[in-house]
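Listed here are the chains, written in short residue letters.
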Amino acid sequence: MALPKTLKAFNLFGDGNDWMGEVESLTLPELSRKMEEYRGAGMLGPVEIDMGGQLLVFEWTVAGYIREIFTDFGGSIHDARLLRFTGSYESDETGEVQAIEVVMRGRHKTIGMDEMSAGEFSKISVTTTCTYYKLTINGEEVIEIDQPGMVYRVFGKDMYAERRKALGL
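Source: prediction; values computed, not measured. (Residues numbered from 1 in each chain as written. Predicted model: local features only at pLDDT ≥ 70, side-chain atom pairs only at ≥ 80, totals over all residues. Heavy atoms only, no water.)

1. Section: empty space enclosed by the protein
Using the following cut-off: Grid points spaced at 1 Å and placed over the protein atoms alone form the basis of the search, with a cavity being a set where a 1.4 Å probe fits but cannot get out and a pocket an open set showing protein on both sides within 12 Å along at least five of seven lines. Lining residues have an atom within 4 Å of a point. Grid points are joined across faces, edges and corners, and a volume is the space filled by probe spheres set on the points. Under the scheme applied, nonpolar residues are Ala, Val, Leu, Ile, Met, Phe, Trp, Tyr, Cys and Pro; charged residues are Asp, Glu, Lys and Arg; polar residues are all the others, including Gly.
Taken as a whole and judged by the stated rule, the model has one cavity of 30 Å³ or more. A volume near 40 Å³ is recorded for the largest cavity. T71, D72, F73, G75, I77, A80, R81, R107 and H108 are the residues that line the largest cavity. Partitioning the lining of the largest cavity into residue classes produces three nonpolar, three polar and three charged.

Shown next, in the form of structure tokens:
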């Protein structure tokens, strides 16, 4: 019998501020590639050509009010905000705990203010577009993406090293 490892606890830090208990939910960026279908003469069928990475979008919801969310909103720097998700995944079979960490840099695209009523929880929903993303599991780097720096590593393998070399970078 196998049971999935379950997220038992998580936290979000913003620019070093600890928001434990204040972030209600979040959706980490989807890792996706832009693919273009191509079928040339003599090919039996089409293949998809990898054209690079897609926009990394992080969506998260705060219960209540966090002042720091508004810092630099509308600023011109693409990676002004540092966000760090930490999660504790646990196996109900073995009790083993896995530490998950995602470090992201970007800027807030939207800050949605929920309906506010006295005596009721209000929420703020934030969409952050990220130009940097690094996933680590139990201290091992799994994925690192630095969009403007042209860095794309998977389990330590630098997938763009030859491209940067060809460009003289």
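From this point, things continue past the structure.
2. Some thoughts on the pairing of strand β1 (residues 6–14)
Stated precisely, the cut-off is as follows: Two strands qualify as a pair provided that DSSP identifies no fewer than 2 bridges between them. Only DSSP runs of H or I reaching four residues or more are called helices, and only runs of E reaching two or more are called strands; each is numbered from the N terminus.
Relative to strand β7 (residues 81–90), β1 runs antiparallel, the two sharing eight bridges. Bridging from a neighbouring strand, A9 pairs with S88 of β7. Relative to strand β2 (residues 17–18), β1 runs antiparallel, the two sharing two bridges. Each bridged residue has a counterpart across the sheet, and for G14 the counterpart in β2 is N17. Between β1 and the antiparallel strand that follows it, β2, lie two residues; D15 among them carries a positive phi value of about 50 degrees.

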